[in-house]
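Listed below, chain by chain, are the residues.
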Amino acid sequence: MLEVRTPVHDDLIDHLVRTTPLQRGEAARIVLDVLAYFDETTEEFVRRRHRELQARGQHNPQIFARISSELPHRAVAPPDLSLRQLRRIVYG
């Protein structure tokens, strides 16, 4: 198995290997996935969540209300956005 080395996060990867049944390569991929998730901009997050919720059959009023409630819980909370601002992010 190909081993992914990320020296900056070796301590976190070592911790995951010690405390979970993950192999080193799996732990490294998870760390990189989590970092990418939290590196997402507010606009990218809003667009992604809109697509995901729309694919689950939800309609815009429900979608924008849910996204609005999720935004303050992001790792770095963005400023409060109105439903109109959320719509503009998605539709331009």
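This structure is a prediction, so every number in the text was calculated from the model and none was measured. (Residues numbered from 1 in each chain as written. Predicted model: local features only at pLDDT ≥ 70, side-chain atom pairs only at ≥ 80, totals over all residues. Heavy atoms only, no water.)

1. Brief notes about the packing of helix α3 (residues 42-55) against helix α4 (residues 60-70)
α4 packs onto α3 with a crossing angle of 135 degrees between their chain directions and a minimal axis gap of 10 Å. Taken together, α3 and α4 sit at an angle that is classed as oblique. Where α3 crosses over α4, the two elements pack in a sense that is right-handed. Between α3 and α4, the residues in contact are Phe 45, Val 46, Arg 49, His 50, Leu 53 and Gln 54 and Asn 60, Ile 63, Phe 64, Arg 66, Ile 67 and Glu 70, respectively. Along the lines of polarity and charge, the residues of the contact of α3 with α4 split into 6 nonpolar, 3 polar and 3 charged. (Axes fitted to C-alpha atoms, helices over the stretch in contact; angles between N-to-C directions. Helix = DSSP H or I, 4+ residues; strand = E, 2+ residues; numbered from the N terminus. Parallel < 35°, antiparallel > 145°, perpendicular 65-115°, else oblique. Left-handed = near helix turned anticlockwise from the far one by under 90°. Contact = heavy atoms within 4.5 Å. Nonpolar A, V, L, I, M, F, W, Y, C, P; charged D, E, K, R; others polar.)

2. Looking at the domain arrangement of the protein
Looking at the protein, the domain boundaries give domain 1 (9-39) and domain 2 (42-91). Centre-to-centre, using C-alpha coordinates, domain 1 lies 28 Å away from domain 2. (Domains from an automatic or database assignment.)

3. Some remarks on α3
Taking 1.5 Å per residue, 14 residues should reach 20 Å; α3 reaches 20 Å between its end C-alpha atoms and fits that length. Of the residues making up α3, those classed as buried are Phe 45, Val 46, Arg 48, Arg 49, His 50 and Leu 53. Close packing links the buried residues of α3 with α2 (24-38), α4 and α5 (83-91). The first or second residue beyond α3 is Gly 57, which carries a positive phi of 90 degrees. (Expected span 1.5 Å × (residues − 1). Buried < 20%, exposed > 50% of the residue type's maximum accessible area, 1.4 Å probe, protein only.)

4. Considerations on the nonpolar core
With 9 residues, the main nonpolar core is built from Phe 45, Val 46, Leu 53, Ile 63, Phe 64, Ile 67, Leu 71, Leu 86 and Ile 89. Of all the secondary structure elements, the ones that give two or more residues to this core are α3, α4 and α5. Leu 71 has contacts with Thr 42, Phe 45, Val 46, Ala 77, Pro 78, Leu 81 and Leu 86, leaving out every residue within four places of it along the chain. Counting 5 residues, the second largest nonpolar core, distinct from the first, contains Ile 13, Leu 16, Ala 28 and Val 31. (Core = buried A, V, L, I, M, F, W, Y, C linked by side-chain atoms within 4.5 Å.)

5. Let's talk about the pattern of salt bridges
The tally for this structure, following the rule as stated, stands at 8 salt bridges. The partner of Glu 40 in a salt bridge is Arg 48, with the nearest N and O atoms 2.7 Å apart. A salt bridge links Arg 48 to Glu 52; its shortest N-O distance comes to 2.8 Å. Taken together, the positions of Arg 48 and Glu 52, both in helix α3 and 4 residues apart, correspond to about one turn of that helix. Given a relative accessible area of 18%, Arg 48 falls into the buried group. Through salt bridges with shared partners, a single ionic network connects Glu 40, Arg 48, Arg 49, Glu 52, Arg 66, Glu 70 and Arg 74. (Salt bridge = Lys/Arg side-chain N within 4 Å of Asp/Glu carboxyl O.)

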